[in-house]
Amino acid sequence: MTAEVTGTAATAPPPGAAAVRRPARVRLLWLLALAAALAACCAASLAVGSRDVPLDQLAAALGGSSDNLDQAAVATRVPRTVLALVVGAALGLAGAVMQGVTRNPLADPGVLGVNMGASLAVVTGIAWFGLWTADGFIWAAILGAGLTSVFVYAVGSLGRGGATPLKLALAGVATSAAFTSFITAVVLPRGDIADGVRSWQIGGVGGARFDTIEHALPFLAAGAVVCLLAARPLNSLALGDELAAGLGERVALTRGLAWLGSVLLCGASTAVAGPIGFVGLVVPHLCRLLVGVDHRWLLPYSALAGAALLTVSDVLGRIIARPEELDVGIITALVGAPFFIAIVRRRKTRAL
Amino acid sequence: MTGALATREAAVAAVARGRARRDRRRRTVMVLLALLVAAVFATTLMVGRTFYPPADVVRVVLGEDVPGAGFTVGRLRLPRAVLAVIAGVCFGLGGATFQTMLRNPLASPDIIGISSGASAAAAFAIVILGLGGPPVSVFAIAAGLGIALLVYLLSYRGGVADTRLVLIGIGVGVMLDSVTVYVLSRAPQWELQEALRWLTGSLNGSTWAGVLPVLLALAVLGPVLLSRSRALSVLRFGDDTAAALGVRVERTRVLLIVAAVGLISFATAATGPIAFLAFLSGPIATRLTGPHGSPLVPAALVGALLVLVADLVGQFAFGTRYPVGVVTGVLGAPYLLYLIVRANRSGGSL
């Protein structure tokens, strides 16, 4: 962790920004490394838990047999692994897009309160509007995420200097704190979802089921496509709005696309896994070290790395709390908060 | 000549009148607050699933054995109400001290992670180490002081910038809340009420044994803080001015921080970190009394009043019994947003 953090500090770009572009060879190499890491994470996620499965049993289980307890354990871990991969990728991608569009190194679906807004919307829907279908959850979450992002941006950009990184982050965490209180207040009277207080405040993938994942997938896919469409214009946006407009970029359209994509991703992933913070904060910073700031590379990398980070966090949550397990949102907060502090600590939180 | 003298005398008289008026307002507000605290305190003792008339309550408080009321009022409601008042005073004093010293309402101990640290340590001592009573408070205060130092060191970069300190404190608080959840997950079984206590604060299960350490802490640390209230007000004007006015800056600051963190930590060990209470009390008190004079005593009264009212509301206003921290959380969170909006509008130093 420390090594990564100091590494980030060191890449505050030197004049001429050498890190802007890495040779294609390097990027491909990292892509392979990342894919390998991802595969390892998946294997770990399937093998580790209250019952550890040896590798040969893991292979057999993946081959489709379910003859003994080990292989059955693997089968029950498949949905949560898939969910961790999907949600991690969505959050990593959403974080990278948010950082790009707000040009704010502190932007993250958790820090800016967007995930908590999605969660509050779902909880309100359940408690007051009789919402009870998987699709309803997702639509409510997307609506909540959209409204929250607009609200936080409006609060954060009031006054002198517009939406500076620190102002936006403060507005986000305050909104997040407010929504956390509201969620407790809304859910607590409902005995039937009272245990849900926990799952709607701290995200986790433990309760994953394939049917809910299936419902979320179209939304996540649409969000990912929209985000990737915005990748090239986001590069121009990084130069500043005026310059981007001068280069012929339709700034408002780009912002709209990026906003829509990230709201879809945040909303759908919160609807299936609860609010998970800091993945979208950490991942883009690390990926920028690997591949530079070109969004066409950064976005896919962030998705891959987000999937890896969330999966490995989930595994960690199962290891440190044996024989119980910790929700993955706790782990990402433990890992991500120091990262957040490190970025805030940098003398001048430069705009991206 | 006489004309000039007359004008000067008139000016002096005007200033004196203004000061007298402000003092009068301050005193009036404080007396009113104290009366309100007493009234709500009495109500808390009477109201509940069964109503007891004032006469019964008075007899119980005086130590007589009243059938029925003896247990309900003496063992359940009285410790709860007393703890509410004491915890409110502790959080109010601690919060107002930090806010005044750092000249920023957002820099209150419950926002910058100090309460979260005390809470995580208390939960750790109880759940993992199986401790109870005063040792829990020792853990809480050690963690509170440690976190205060940590946040200060992390945000120190040739001077402590306001927003950086607040954001870093929030980050530290997020981590510590995660630690609390982790600790609670090690308990034999997950108890929602217990989790809510250590994350947002609750008065459920108050006992005299729980009241005692907080009361002692308040008896020792409260006077320390109040005796330094003038120095605290002077510190607002900056270190150099304070030094020129005869305040030993470093010593005073360390003393104030230790006393404030001590109050917060002891209260947290008993009730959990009652959400936004330390943060709310100071600004509300200042709003009521006006910006003159020390905010400490008014903040303490407002804190006590808030806890009493929030607990009453939480217990009886809805079908469900809400822990006090949930009510203060719902009240405090919008106020936090409002403060940020106002700070941004006026072009703060963010």
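What counts, and where the lines are drawn
- Residues numbered from 1 in each chain as written.
- Chains lettered and ligands numbered in written order.
- Predicted model: local features only at pLDDT ≥ 70, side-chain atom pairs only at ≥ 80, totals over all residues.
- Heavy atoms only, no water.
- Helix = DSSP H or I, 4+ residues; strand = E, 2+ residues; numbered from the N terminus.
- Rg over C-alpha atoms; globule rule 2.2 N^0.38 Å.
- Contact = heavy atoms within 4.5 Å.
- Areas by Shrake-Rupley, 256 points an atom, 1.4 Å probe, with all protein chains shown as cover.
- Patch = residues over 30% accessible without salt bridge, like charges linked within 9 Å, V, L, I, M, F, W, Y side chains within 5 Å.
- Salt bridge = Lys/Arg side-chain N within 4 Å of Asp/Glu carboxyl O.
- Lys, Arg positive; Asp, Glu negative; His and termini not counted.
- Charge placed at Lys NZ, Arg CZ, Asp CG, Glu CD.
- Buried < 20%, exposed > 50% of the residue type's maximum accessible area, 1.4 Å probe, protein only.
- Phe/Tyr/Trp six-rings, centres within 6.5 Å; stacked < 30°, edge-to-face > 60°.
- Expected span 1.5 Å × (residues − 1).
- Buried area = accessible area lost by both parts, 1.4 Å probe.
- Polar contact = N/O pair within 3.5 Å; in protein donor to acceptor, adjacent residues only side chain to side chain.
- UniProt positions renumbered as here; feature names shortened; annotations may be inferred.

## Concerning the overall build of chain B
Then step 1. A count of helices and strands for chain B gives 14 helices and 0 strands.
Then step 2. For 350 residues, the compact-globule estimate of 2.2 N^0.38 gives 20 Å, and chain B sits close to it at 22 Å.
Then step 3. C-alpha extents for chain B along the principal axes are approximately 80 × 55 × 35 Å.
Then step 4. Taking the contacts inside chain B whose residues are at least 6 apart along the sequence as the reference set, 75% of them involve residues at least 24 apart.
Then step 5. As displayed, chain B has an accessible area near 15500 Å², and 67% of this comes from carbon and sulfur atoms.

## Regarding a positive patch on the surface
Residue and element names in this part refer to chain B.
Then step 1. A grouping of Arg17, Arg19, Arg21, Arg22, Arg24 and Arg27 is seen on the molecular surface, where their side chains present a positively charged patch.
Then step 2. Take Arg24: it is sitting in helix α1 (residues 2-46).
Then step 3. Overall, Arg24 belongs to the partly exposed group, its relative accessible area being 49%.

## Quick notes on the pattern of salt bridges
Residue and element names in this part refer to chain A.
Then step 1. Evaluation of the coordinates by the stated rule reveals 11 salt bridges over all chains.
Then step 2. Salt-bridge contacts for Arg318 lead to Asp314; the nearest nitrogen and oxygen are separated by 2.9 Å. Taken together, the positions of Arg318 and Asp314, both in helix α14 (residues 295-320) and 4 residues apart, correspond to about one turn of that helix.
Then step 3. Here Asp314 falls in the buried class, since its relative accessible area comes to 1%.

## So, the packing of aromatic side chains
The way to describe two aromatic rings as a pair is by their centre distance and the angle between their planes.
Then step 1. Evaluation of the coordinates by the stated rule reveals 11 aromatic pairs over all chains.
Then step 2. A centroid spacing of 6.3 Å and a plane angle of 75° characterise the contact between Phe278 of chain A and Phe340 of chain A, whose relative ring orientation is edge-to-face. With Phe278 of chain A in the loop between α12 (251-273) and α13 (279-291) and Phe340 of chain A in helix α15 (residues 328-345), the pair connects residues that are 62 residues apart, well separated along the chain.
Then step 3. Residue Phe278 of chain A is classed as buried on the basis of its relative accessible area, which comes to 11%.
Then step 4. A relative accessible area of 2% means that Phe340 of chain A is categorised as buried.
Then step 5. Clustering of aromatic rings is evident, with ring pairs tying together Phe276, Phe279, Tyr335 and Tyr338 of chain B.

## Points about the side chain of Ser229 of chain B
Then step 1. The topology assignment puts Ser229 of chain B in helix α9 (residues 229-235).
Then step 2. Filtering out sequence-adjacent residues up to four positions away, Ser229 of chain B remains in contact with Ser294 and Leu296 of chain B.

## Focus on helix α12 (residues 277-289) of chain B
Residues and elements named next belong to chain B.
Then step 1. Along its 13 residues, α12 runs 18 Å from first to last C-alpha, staying within 8% of the 18 Å computed at 1.5 Å per residue.
Then step 2. Among all positions in α12, only Leu277, Ala278, Phe279, Leu280, Ser281, Gly282, Pro283, Ala285 and Thr289 are buried.
Then step 3. After α12 finishes, the residue Gly290 shows a positive phi value of roughly 85°.

## Observations concerning the environment of Gly92 of chain A
All names here are of chain A.
Then step 1. Tracing the backbone shows Gly92 in helix α4 (residues 69-102).
Then step 2. C-alpha of Gly92 to C-alpha of Leu290: the two residues are 198 residues apart in sequence and 15 Å apart in space.
Then step 3. Excluding residues that lie within four positions of it along the chain, Gly92 makes contacts with Val279, Gly280, Val283, Pro284, Ser302 and Gly306.

## Quick notes on the interface of chain A and chain B
Then step 1. Of the residues lining the interface, 45 residues belong to chain A; the matching set on chain B comes to 42 residues.
Then step 2. If you sort the residues of chain A by the area they bury against chain B, Leu170, Leu188 and Arg345 of chain A come out on top, with a joint share of 18%.
Then step 3. Taken together, chain A and chain B are joined by 0 salt bridges.
Then step 4. Inspection of the region where chain A meets chain B yields 6 residue pairs in polar contact (both at pLDDT 80 or more).
Then step 5. Breaking the side of chain A that touches chain B down by element, the ones donating at least two residues are α6 (134-156), α7 (165-187), α8 (196-201) and α15 of chain A.
Then step 6. When residues of the side of chain A that touches chain B are assigned to their parent elements, the largest contribution, 14 residues, is made by α7 of chain A.

## Points about unusual backbone geometry
Then step 1. Residue Arg103 of chain A is not a glycine yet carries a positive backbone phi of 50°.
Then step 2. Position of Arg103 of chain A relative to the elements: it lies in the loop between α4 and α5 (114-129).
Then step 3. Overall, Arg103 of chain A belongs to the partly exposed group, its relative accessible area being 26%.
Then step 4. The backbone of Phe276 of chain B shows a phi angle near 60°, a positive value even though the residue is not glycine.
Then step 5. Within the element layout of this structure, Phe276 of chain B appears in the loop between α11 (249-271) and α12.
Then step 6. Phe276 of chain B sits in the buried class, given a relative accessible area of 11%.

## Observations concerning the UniProt feature "transmembrane region" (unreviewed entry) in chain A
Residue and element names in this part refer to chain A.
Then step 1. Within this structure's numbering, the places UniProt gives as "transmembrane region" (unreviewed entry) are residues 28-48, 78-98, 110-131, 137-156, 168-188, 257-286, 298-320 and 326-344.
Then step 2. Counting secondary structure, residues 168-188 comes out at 95% helix and 0% strand; the distance between its end C-alpha atoms is 30 Å.
Then step 3. The span residues 326-344 carries 89% helix and 0% strand; its end-to-end C-alpha distance comes to 27 Å.

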